[in-house]
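Overview (structure and organization)
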Amino acid sequence: QVQLVESGGGLVQAGGSLSLSCAVSGRGFNIYFTGWFRQAPGKEREFVAGMRWAPSNPYYADSVKGRFTISRDYAKNTVTLRMNSLRPEDTALYYCAASSRGPLNWGRVAEYDYWGQGTQVTVSS
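The paragraphs below set out a description of the structure included in this document. Being a predicted model, the structure only gives us computed values, none of them experimental. (Residues numbered from 1 in each chain as written. Predicted model: local features only at pLDDT ≥ 70, side-chain atom pairs only at ≥ 80, totals over all residues. Heavy atoms only, no water.)

1. A few points about the sheet that holds strand β7 (residues 68-73)
- Sheet architecture is open: four strands sit in the order β1-β3-β8-β7, paired in antiparallel fashion. Two strands bound the open sheet, and with one partner strand each, they are β1 (3-7) and β7. Along the sheet, successive strands turn relative to each other by an average axial angle of 15°, direction set aside.
- Bridging between strand β3 (residues 18-25) and strand β8 (residues 78-83) involves six bridges; their strand directions are antiparallel. (Pairing = 2+ DSSP bridges. Helix = DSSP H or I, 4+ residues; strand = E, 2+ residues; numbered from the N terminus. Axes fitted to C-alpha atoms, helices over the stretch in contact; angles between N-to-C directions.)

2. Things to note about the nonpolar core
- By size, the foremost hydrophobic cluster in this structure holds 30 residues, and its most contacted members are Trp36, Leu81, Met83 and Tyr94.
- Elements that contribute at least two residues to this core include exactly β3, β5 (46-52), β7, β8, β9 (92-99) and β11 (119-124).
- Those residues in contact with Tyr94 that lie beyond four places of it in its chain are Glu6, Leu20, Trp36, Phe37, Arg38, Val48, Phe68, Leu81, Met83, Gly118, Thr119 and Val121.
- Listed in part, the six residues of the second largest apolar core include Phe37, Ala97, Leu104 and Tyr112. (Core = buried A, V, L, I, M, F, W, Y, C linked by side-chain atoms within 4.5 Å. Buried < 20%, exposed > 50% of the residue type's maximum accessible area, 1.4 Å probe, protein only. Contact = heavy atoms within 4.5 Å.)

3. Things to note about the pattern of salt bridges
- Taken as a whole, this structure holds six salt bridges when the rule is applied.
- Glu46 serves as the salt-bridge partner of Arg38, at 2.6 Å between the closest nitrogen and oxygen.
- Residue Arg38 is classed as buried on the basis of its relative accessible area, which comes to 6%.
- Across the pair Asp90 and Arg38 runs a salt bridge whose closest N-O atoms are separated by 2.9 Å. Of this pair, Asp90 sits in the loop between β8 and β9 while Arg38 sits in strand β4 (residues 33-39), and the two are 52 residues apart along the sequence. Taken as a pair, Asp90 and Arg38 share a single burial class, namely buried.
- A single network of salt bridges, built from pairs that share partners, joins Arg38, Glu46, Arg67 and Asp90. (Salt bridge = Lys/Arg side-chain N within 4 Å of Asp/Glu carboxyl O.)

4. Focus: the packing of aromatic side chains
- A full pass over the atoms with the stated rule returns 10 aromatic pairs.
- Chaining the aromatic ring pairs together yields one cluster made of Phe33, Phe37, Phe47, Tyr59, Tyr95, Trp106, Tyr112 and Trp115.
- Across from the ring centre of Trp115, 4.8 Å away, lies the NZ or CZ of Arg45, which sits over that ring. (Phe/Tyr/Trp six-rings, centres within 6.5 Å; stacked < 30°, edge-to-face > 60°. Lys NZ or Arg CZ within 6 Å of the ring centre and 35° of its normal.)

5. Description of the side chain of Arg38
- For Arg38, the side chain forms a polar contact with the side chain of Glu46, separated by 2.6 Å.
- In terms of polar contacts, Arg38 uses its side chain to reach the side chain of Tyr94, at 2.9 Å.
- Leaving out residues up to four positions away in the same chain, Arg38 has contacts with Glu44, Arg45, Glu46, Val48, Ser63, Val64, Phe68, Glu89, Asp90, Ala92, Leu93 and Tyr94. (Polar contact = N/O pair within 3.5 Å; in protein donor to acceptor, adjacent residues only side chain to side chain.)

6. As for unusual backbone geometry
- Of the consecutive residues Gly102 and Pro103, the connecting peptide bond is found in the cis state with omega at -5°.
- By the secondary structure assignment, Pro103 is in the loop between β9 and β10 (114-115).

7. Topic: the pairing of β4
- The element β4 is largely enclosed, with a buried count of six among its seven residues.
- One ladder, built from six bridges, connects β4 with β5; its direction is antiparallel. Bridging from a neighbouring strand, Phe37 pairs with Phe47 of β5.
- What sits between β4 and β5 in their antiparallel hairpin is a turn of six residues, with Gly42 showing a positive phi close to 80°.
- The pairing of β4 with β9 spans seven bridges and is classified as antiparallel. Considered in β9, the bridge of Trp36 is made with Cys96.

Functional significance is not addressed by these values, which are geometric in nature.
What follows is the structure in structure tokens.
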């Protein structure tokens with residue numbers, strides 16, 4: 001079983017920055033891919049960024065390219081989402097997700113086996 005715990009959300013003004021962290025744990029876990037999703041009120045959950053557990057190139061939604069960066073700390077088993085130039089439309093509940101199977105369609109919610117509880121990001125104008 002894999003546990004994902006997010007941290008780092010909060011309130012920030014437009015143009016500001018935040019970093020979200022996802023701590024991955026579980027005995028003998030086998031993860032192929034980790035991703036960040038977000039869900040705003042009244043909207044569907046959407047893919048933000050993701051990368052393979054092994055060293056690889058990251059993937060980003062068009063709406064965050066050039067502003068967000070996903071990275072992984074291999075020693076600490078954490079996945080970080082650095083968010084710069086935040087906009088009010090980035091306001092959402094952000095989730096960390098992981099899949100033990102691959103290759104996968106990394107943009108689809110159904111591809112992921114494990115989810116964190118979510119952390120709120122609010123960007124004021």
